[in-house]
Structures are given as C-alpha cells and as structure tokens.
Amino acid sequence: MKTFVISVLCSCFLVTVQLVAQEGGQKRAVQLKRWLERFPDADTNNDGVLTEAEAKAYREKLAGQRSRNTRPDRLTPTFADVKYGTHERQVLDLYLAKSEDPTPLIIYIHGGGFVGGDKKSVSPAIVKAANDAGISVAAIHYRFVSELPFPAPQEDAARAIQFLRANAQKWNFDKSLFAAYGGSAGAGLSLWLGFHDDLADPESSDPIARESTRLVAVGSRGGQTTYDPNVIKAWVGGRAHEHPSIFKCYGIESIDQITDPKLQPLYDQVSAIKHLTADDPPVYSIYSEADAPLPANARPGQGIHHPVFAHKLDAEMDKLQIEHVYRHVSHFKGDRDLDMFEHFKKWFAQSRIKQQGS
C-alpha cells in the first residue's frame, strides 16, 4: 500500500525517529508505538510492532521519496504559485502548452491523506507528453483538514477548476475540455469533481463562482470512491476505516463517533460514488494494493487504497453504461502515467466530436 505521507509529514517522521533513536527504554517503545499508529506501512512484517530496524528502513524510504520530489527531471512551471484564493495553500502551478488554438487542460491534485502532499509531485512524464500534444497541465494545492475539516478540500478543488475556467482566455484553455487526476486523496477529489453536479452559480456576483466545475475525464491512482468510514469498513474490512486522517477529516476524536447519524449528510456530500449519474465522465483507475481480503491482523488504515473502491465504482458505472478502465500493477506492465494520459487524449477527442455533432 502506498503511503499517504509525503512532504511535511516525511520530514516530521525523519526528525522524530532520529530523536527516538537517541532515547532509551520505555519512552522509545511508547514513541515507536505512537508512530506505528500514524505510519502503519512502516511495520513491514505486519506483526503489529514497529521495531527500530523497521523505523530506520521506513525513514530511508521516505527520504528517497523526498529526494525524488526534487529530482532533476522535475519540470519548471510556466507560472508557479498562482493564487486562486486568499489562503496560503490556495495556489496552483501551470505548465502551458504552446498552441495557437485553445488547449485542453489536465488538472493534477496531489495525495497525502488530506494532511500532506505537494503539487510538485505532478508526473513529469504526463506534463511532457501533454505539452508535446498541445495540452496544458495545472497542479493545485488545497487546504489541509488539520486546519479545516471536510468539505474544505472539496471546496478548494472546485474553486480551482472555476478559477482556471475564468482565466481560460488569458491562458488559452478550451473551457469544454478539462480533466483531473490524482493519487489517493487527490484521486478522491478528482472523482468527486467528476461526478458532482455542476457547482456553477449563474446568479453569483462573483464571476469565478459562475464558472462550471464539470470534467470530461477523471484519473484515479488508488483513490477512495467513498469517504464514509462505515461504508469503508463494510467494503474493505479490517481497520481501513480507522485511517488516522479520518479523525481530522470529520473533526472527531474517537472511532466510535463514526456512527453518529449527524455525520451521514457530510459522508454523503464528500463521497464521489454518491454523486454518480449517467451524464458523468469516463474514469481511468489504477491500484497497487493487493486485490485480496485483508489479513486478520490488519493495521489501522491498511486497505485505504484497496482495489475494492474501484470495483464498487465500476459496477455502478456499468449500470449507467459509462466507460471505465481498471488497471492493477500486478498484471499491467506498461507506463502507468502514459497509459492514463493516452486515455485522456482519447476522451478529449471523443468529447470534441460530440461537441461538433451537437
């Protein structure tokens, strides 16, 4: 299972484990137990105990991820940290294609459990392929639930789409050809945008709010199609529904609170599958977590990227006759980024043809 921890949390883990290594006895054990609860992936042998060796190996893994985020092939945006709101995290990067005609736009939404992550993790392969094909790319930040719980990230994702459409002429975008993709939390947000009814408010005094939030294609890397912890528990089993982010997403302190009926409207509001209708866009999804039942000793959060999220969505999309593509890394040998991009290109072309025929 891919970790939801990148960027800020990576740094936090590295520093903390180094300090723990300098301490002894009971305090060290308590700290390791605490980090196991936050970083269940670190327990590589799944025995429920985080050893110093496992902590060290996980630290090195995170350090490698952090270094990859600054690797030489990371592209320089055409415009960086463009503000789409007043909060410091309401910013986006643009990678504009050179084209005389208005370009389609692919929006990347990063993962990180809604508590971490960075727009710089956008795939260089997708950016290069898109720009070469006359397609622009945007990568967005959004507010974390550690500051504001759901639906703040969803609201930011929608606002970013509207902001980009409001500036379509300035940046040469084709407003009718927007797609979005992401990993984990970013995938969940992309799916939510793809299925939610248009959030445009034609009567608003704010010109940005009058813009559409609709998409023509969605990409999901290990995304969650529901954020209802009770549904996650039923679909995935184990303790996937006890992912540490759940508490921050809903502003609760105990897992026992997830059954509070007062939370159900919010669960439904933020869960993509609850908004699926026949007029929604096609979806490309790829998963790497084992497509099998969780072990009896599954840790809190283990299974949060389970392929069952895609299977449940695909079944509903089949009923509505909406195209969807499912990949699992165990049987897919191609380039994941470029395979997704090729489907986006196809769906952009299909959307153009549909528009010309209407």
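Refer to the structure presented above.
Below is a short write-up of the structure. Computed from a predicted model, the values in this text were never measured in an experiment.

## Structural notes on the sheet that holds strand β8 (residues 324-328)
So, step 1. Reading across from one edge, β1-β2-β4-β3-β5-β6-β7-β8 is the order of the eight strands in this open sheet, with mixed pairing throughout. The open sheet terminates on both sides in strands that have one partner only, identified here as β1 (79-83) and β8. Taken pair by pair, the neighbouring strands of this sheet meet at an average axis angle of 20°, ignoring direction.
So, step 2. Relative to strand β6 (residues 217-221), strand β5 (residues 173-183) is paired through five bridges, and the arrangement is parallel. Bridged to Tyr181 within β6 is Gly219.
So, step 3. Packed onto the sheet, helix α4 (residues 124-132) meets β2 (91-95), β3 (103-109), β4 (136-140), β5 and β6 and runs at close to 145° relative to β4.
So, step 4. Sheet strands in contact with helix α5 (residues 152-166) are β1, β2, β3, β4 and β5, and its direction is about 150° off that of β5.

## Quick word on the packing of α5 against helix α7 (residues 185-195)
So, step 1. Their axes nearest at 10 Å, the elements α5 and α7 cross at an angle of 60°. Considering how the two elements wind past one another, α5 and α7 form a crossing that is right-handed. In this structure, α5 uses Pro153, Gln154, Ala157, Ala158 and Ile161 to contact α7, whose residues at the interface are Leu189, Trp192 and Leu193.
So, step 2. Taken together, the residues of the contact of α5 with α7 sort by class into seven nonpolar, one polar and no charged.

## A few points about empty space enclosed by the protein
Where empty space is left can be seen by rolling a probe of water-molecule size over the atoms.
So, step 1. This model, assessed by the stated rule, comprises two cavities of 30 Å³ or more.
So, step 2. Considering only enclosed or pocket space, the largest cavity measures out at about 120 Å³ in volume.
So, step 3. Lining the largest cavity are 13 residues, and of these Gln224, Tyr227, His243, Ser245 and Ile304 sit closest to its centre.
So, step 4. For the lining of the largest cavity, the element with the highest residue contribution is helix α9 (residues 244-250), accounting for three residues.

## A short note on the layout of surface pockets
So, step 1. What the second largest pocket holds in volume is close to 280 Å³.
So, step 2. In terms of residue class, the lining of the second largest pocket is built from seven nonpolar, four polar and five charged.

## Side note on the pattern of salt bridges
So, step 1. If you walk through the whole model with that rule in mind, you get 14 salt bridges.
So, step 2. Two residues, Asp206 and Arg159, come together in a salt bridge whose shortest N-O distance is 2.7 Å. Taken together, the residues span a long stretch of sequence, with Asp206 in the loop between α7 and β6 and Arg159 in helix α5 at a distance of 47 residues.
So, step 3. When its relative accessible area of 24% is taken as the criterion, Asp206 is described as partly exposed.
So, step 4. Look at Arg159 and you get partly exposed, because its relative accessible area is 25%.
So, step 5. With a closest N to O distance of 2.7 Å, Lys346 and Glu323 form a salt bridge. Separated by 23 residues along the polypeptide, Lys346 in helix α12 (residues 336-357) and Glu323 in the loop between α11 (308-320) and β8 bring together distant segments of the chain.
So, step 6. Residue classification places Glu323 among the partly exposed residues on the basis of a relative accessible area of 33%.
So, step 7. Among the charged side chains, a network of salt bridges with common partners joins Asp81, Asp93 and Lys119.

## Comments concerning the pairing of β3
So, step 1. Most of β3 is tucked away: seven of the seven residues are buried.
So, step 2. Strand direction decides the pairing type here: β3 and β5, joined by six bridges, are parallel. Note on β5: the bridge partner recorded for Leu105 is Phe178.
So, step 3. Of the strand pairs in this sheet, β3 and β4 are connected by five bridges, and their pairing is parallel. Looking across to β4, one finds that Ile106 is bridged to Val137.
So, step 4. For the segment spanning β3, α4 and β4, crossover handedness is right-handed.

Rules and cut-offs
- Residues numbered from 1 in each chain as written.
- Predicted model: local features only at pLDDT ≥ 70, side-chain atom pairs only at ≥ 80, totals over all residues.
- Heavy atoms only, no water.
- Pairing = 2+ DSSP bridges.
- Helix = DSSP H or I, 4+ residues; strand = E, 2+ residues; numbered from the N terminus.
- Axes fitted to C-alpha atoms, helices over the stretch in contact; angles between N-to-C directions.
- Contact = heavy atoms within 4.5 Å.
- Left-handed = near helix turned anticlockwise from the far one by under 90°.
- Nonpolar A, V, L, I, M, F, W, Y, C, P; charged D, E, K, R; others polar.
- 1 Å grid on protein atoms, 1.4 Å probe; cavity = no way out; pocket = protein on both sides within 12 Å on 5 of 7 lines; lining within 4 Å.
- Points joined across faces, edges and corners; volume = space filled by probe spheres on them.
- Salt bridge = Lys/Arg side-chain N within 4 Å of Asp/Glu carboxyl O.
- Buried < 20%, exposed > 50% of the residue type's maximum accessible area, 1.4 Å probe, protein only.
- Right-handed = clockwise from strand over helix to strand, strands pointing away.

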